[in-house]
Amino acid sequence: MRADAARNRDQLLAVATGLFVSADAEPSMRAIAREAGVGIATLYRHFPTRESLVDAVYRDQVVRLTTGARELLDELAPAAAMRRWMDLFGDWIATKNGMLDTLLAMIEAGEIAHARTRTELLAAITTILDAGRAAGDLRPDVTAEDIAASLIGIFTVASRHDAQAGRLCDLLMDGLRAR
């Protein structure tokens, strides 16, 4: 891919992600192209359908979560990495706001392997948990499934950018710390 084409694709992904986070309803493809500063033909050249754009955004967010776990552990102590990862998870949940109808249809049609995503996310959480257990920072009896379920609950009742979500994640972290 040419450098300008790669920049356009990256710009379209970033803009689509931002619009999906802030939207109450799915933004139009035209609105995404306009916000990205490219023509609609450029958008459709990279993403021929709404589903292909949603799939790319979804996969990009999953990669950010899975690689984010390792990157955070390179920078932070395991407990701090876990707390920061919770924020990344909240961002991923928030991104689904503006693409929910399309995403659900794609999952139902089998176009997105929901089970594989779940496995990848649980592995990312386990990576941080294992490091935390080894460092003595995190409780040994907590599972990745426990944390995923807790985070889904938190972000179901509180928006990612709501102060309550941050407080609830802090409370969850307090419960995860080794005694």
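Owing to the predicted nature of the structure, the values given are computational and were not obtained by experimental measurement.

1. Overview of the pattern of salt bridges
Within this structure, the stated rule accounts for 10 salt bridges. The residue Asp170 makes a salt bridge to Arg83 at a minimum N-O spacing of 2.7 Å. Here Asp170 is found in helix α9 (residues 163-176), whereas its partner Arg83 is found in helix α5 (residues 78-95), with 87 residues between them in sequence. With a shortest N-O distance of 3.9 Å, Asp174 and Arg177 are connected by a salt bridge. Bridged by salt links that share partners, the residues Arg83, Asp87 and Asp170 form one connected network.

2. Here's the deal with the layout of surface pockets
The space that makes up the largest pocket amounts to roughly 460 Å³. As for the largest pocket, its lining consists of 21 residues, and the residues nearest its centre are Trp92, Ile93, Lys96, His114 and Ile152. Broken down by secondary-structure element, the contributors of at least two residues to the lining of the largest pocket are α5, α6 (100-108), α7 (114-135) and α8 (144-157). The element contributing the most residues to the lining of the largest pocket is α8, with six residues.

3. Some words on the nonpolar core
Ile32, Leu53, Met82, Trp85, Leu151 and Leu176 are the most contacted members of the largest nonpolar core, which has 53 residues in total. Tallying contributions element by element places helix α4 (residues 50-75) first for this core, with nine residues. Residue contacts for Leu151: discarding those within four places in its chain leaves Trp85, Met86, Phe89, Cys169 and Leu172.

4. Notes on the packing of helix α1 (residues 3-22) against α4
One way to put it is that α1 packs onto α4 with a least axis distance of 10 Å and a crossing angle of 85°. When the interaxial angle is binned, α1 and α4 end up roughly perpendicular. Along its contact with α1, which presents Arg9, Leu13, Ala16, Thr17 and Phe20, the element α4 presents Arg50, Leu53, Val54, Ala56, Val57 and Gln61. In the contact of α1 with α4, the residues fall into seven nonpolar, two polar and two charged.

Conventions and cut-offs
Residues numbered from 1 in each chain as written. Predicted model: local features only at pLDDT ≥ 70, side-chain atom pairs only at ≥ 80, totals over all residues. Heavy atoms only, no water. Salt bridge = Lys/Arg side-chain N within 4 Å of Asp/Glu carboxyl O. Helix = DSSP H or I, 4+ residues; strand = E, 2+ residues; numbered from the N terminus. 1 Å grid on protein atoms, 1.4 Å probe; cavity = no way out; pocket = protein on both sides within 12 Å on 5 of 7 lines; lining within 4 Å. Points joined across faces, edges and corners; volume = space filled by probe spheres on them. Core = buried A, V, L, I, M, F, W, Y, C linked by side-chain atoms within 4.5 Å. Buried < 20%, exposed > 50% of the residue type's maximum accessible area, 1.4 Å probe, protein only. Contact = heavy atoms within 4.5 Å. Axes fitted to C-alpha atoms, helices over the stretch in contact; angles between N-to-C directions. Parallel < 35°, antiparallel > 145°, perpendicular 65-115°, else oblique. Nonpolar A, V, L, I, M, F, W, Y, C, P; charged D, E, K, R; others polar.

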